[in-house]
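A closer look at the structure
So you can see what is in the structure, the chains are spelled out below.
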Amino acid sequence: GPGTMTAGRVVDQHGVKVTGAQVHATPEVGFPVDGFTDQEGAYRLGPVTGQVELIASAFGHADVRRTIELPTAAGTTPDERREDFTLVVADATLSGTLDDATGAPVGGAQIEVIASGRIAVVNQDGTFSIDHLPAGPLRVRVTHPSYPIAELDAKATPLEREKVRLRLPLGGAVEGVILDGMSGAPLGGQVLNAYGPNGATADATSEANGRWKLGPLRPGAWKLSIEQPGYLPSAREVAVPASRVPGETSVFDVRFDLVKGALLGGTVRDARGRRVVGATVTVQQGD
């Protein structure tokens, strides 16, 4: 089909036209395309169709992302869709310190501003700074190998007028072993899935000696489960407390004894003895 042309204007929060801004379109089908604003802040790109992600960006401004749905155009000429963007001038800075629940600085952590994708690595003394941000409250994601991933509230201010203090909560970790329920032999290469508070997930693979470790995890109730071919599914719930030291194990010796299951197979036929393709066979316990 002919697709749809996307056009509009890009201005800042004061209504000033932004010249040279880039509008990048990533369609569900087809190749990405780019458009740039002229002296009037106008752009035009395409044609594209289906679900399209648009990103408007300009130096010194915060990016704007949105996803639109463009139906298949009828006829032989492209349709047109108007999409205007307002880019906020990014003249503010987020700076401050990062520590954990014990008050110790967390060096080497990565701080990502979720809305803009800007990233900084925390210095060893716990200090950090991220510039070219819009002024006001924002949300950041903090990752470090010894702590659970955390999303925290912060605030960017012009000229670093206000320092922020971000604090990472301590996490926990669980260790255990996976064994064959009949022989007691360790089972390596088994995938263990974990589901925790607020939709948190984690996974681990057992080593050759059957040992595994999950962490760092958010404190709270976690469900651990294993589903491996040849064995019956196994699951258990574990209460994970916070460790006293970052990266330390807080729950030990969680043991899974996997029981081998049986396989059931056969043929489904109708009343005349003909084989039935695509039938669904449901198996449940006899009791």
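First, a word on scope: everything that follows refers to the structure included in this document. Just so you know, the residues in each chain are numbered from 1, in the order the chain's sequence is written. Local features in this predicted model are restricted to residues whose pLDDT is 70 or higher, and side-chain atom pairs enter the listing and the counts only when it is 80 or higher, whereas totals over whole chains, interfaces and linings include all residues. Only hydrogens and water are removed before side-chain values are computed, so all heavy atoms of the structure are retained for them.

1. Quick look at the overall build of the protein
- Helix and strand definitions here come from DSSP, where helices need a minimum of 4 consecutive H or I residues and strands a minimum of 2 consecutive E residues; each element is numbered from the N-terminal end. Scanning the protein from terminus to terminus reveals zero helices and 22 strands.
- Computed over C-alpha atoms, the radius of gyration of the protein comes to 27 Å, more than 25% over the 19 Å expected from 2.2 N^0.38 for 287 residues, which places it beyond the range of a compact globule.
- Dimensions of the protein, computed from the C-alpha atoms along their principal axes, are close to 75 × 70 × 30 Å.
- Pairs at least 24 residues apart make up 56% of the contacts formed inside the protein by residues separated by at least 6 positions.
- For the protein, the accessible surface area stands at approximately 16600 Å², while carbon and sulfur atoms represent 51% of it.
- Note on charges: Lys and Arg go in the positive column, Asp and Glu in the negative column, and His and the chain ends are not counted at all. The atoms used to mark charge sites are NZ of Lys, CZ of Arg, CG of Asp and CD of Glu. Of the charged side chains in the protein, 27 are positive and 33 negative, and the gap between their average positions amounts to 5 Å. Radius of gyration means the value over C-alpha atoms here, while the globule rule gives 2.2 Å times the residue count to the 0.38 power. Contacts are assigned to residue pairs with any non-hydrogen atoms lying within 4.5 Å of each other. Only the protein chains shown count as cover for residues, with accessible areas throughout obtained via the Shrake-Rupley method and a probe of 1.4 Å.

2. So, the nonpolar core
- What we call a nonpolar core is a set of buried Ala, Val, Leu, Ile, Met, Phe, Trp, Tyr and Cys residues that are connected through their side-chain atoms within 4.5 Å. Note on exposure labels: buried denotes an accessible area under 20% of the residue type's maximum, exposed denotes more than 50%, and partly exposed covers the range between, all computed with a 1.4 Å probe on protein chains only. Residues L94, L98, I111, L138, V140, V142 and L166 are the most contacted members of the largest nonpolar core, which totals 24 residues.
- At the level of elements, β9 (92-100), β10 (110-113), β12 (127-133), β13 (136-144), β14 (147-158) and β15 (164-168) are the ones that each hand at least two residues to this core.
- No other element matches β14, which puts five residues into this core.
- Apart from the residues within four sequence positions on either side, L166 is in contact with T97, L98, D99, I111, F128, V140, L152, D153 and A154.
- Formed by 21 residues, the second largest nonpolar core is a distinct cluster that contains V174, L217, Y231 and F256.

3. A look at the pairing of strand β17 (residues 191-195)
- Along β17, the buried face is formed by L192 and A194; none of V191, N193 and Y195, which line the opposite face, is buried.
- By definition, two strands form a pair when at least two bridges between them are found by DSSP. Alignment of β17 against strand β18 (residues 201-205), held across five bridges, turns out to be antiparallel. Among the inter-strand pairings, A194 is bridged to a residue of β18, identified as A202.
- Counting the residues in the hairpin turn of β17 and β18 gives five residues, including N198, whose phi is positive at 55°.
- Of the strand pairs in this sheet, β17 and strand β20 (residues 220-226) are connected by three bridges, and their pairing is antiparallel. In the strand pairing of β20, N193 is matched with S225.

4. Focus on the side chain of H144
- Inspection of the secondary structure assignment puts H144 in strand β13.
- In protein, a polar contact means a hydrogen-donor-capable atom and an acceptor-capable atom, both N or O and within 3.5 Å, with residues adjacent in sequence counting only if both atoms are side-chain atoms; elsewhere, any N or O pair within 3.5 Å suffices. Within the local environment of H144, its side chain forms a polar contact with the backbone oxygen of G107, the two atoms lying 3.3 Å apart.

5. Some details on the pattern of salt bridges
- We define a salt bridge as a side-chain nitrogen of Lys or Arg found within 4 Å of a carboxyl oxygen belonging to Asp or Glu. On inspection of all chains with the given rule, the structure shows 16 salt bridges.
- Its salt-bridge partner being E83, residue R66 comes within 2.7 Å of it at the nearest N-O pair. Within this pair, whereas R66 is found in strand β6 (residues 64-70), its partner E83 is found in the loop between β7 (79-82) and β8 (85-87), the two being separated by 17 residues in sequence.
- For the salt bridge of R118 with D131, the shortest nitrogen-to-oxygen distance reads 3.0 Å. Placement of R118 in the loop between β10 and β11 (119-121) and of D131 in strand β12 is noted, with a sequence separation of 13 residues between them.
- Judged by its relative accessible area of 38%, D131 is partly exposed.

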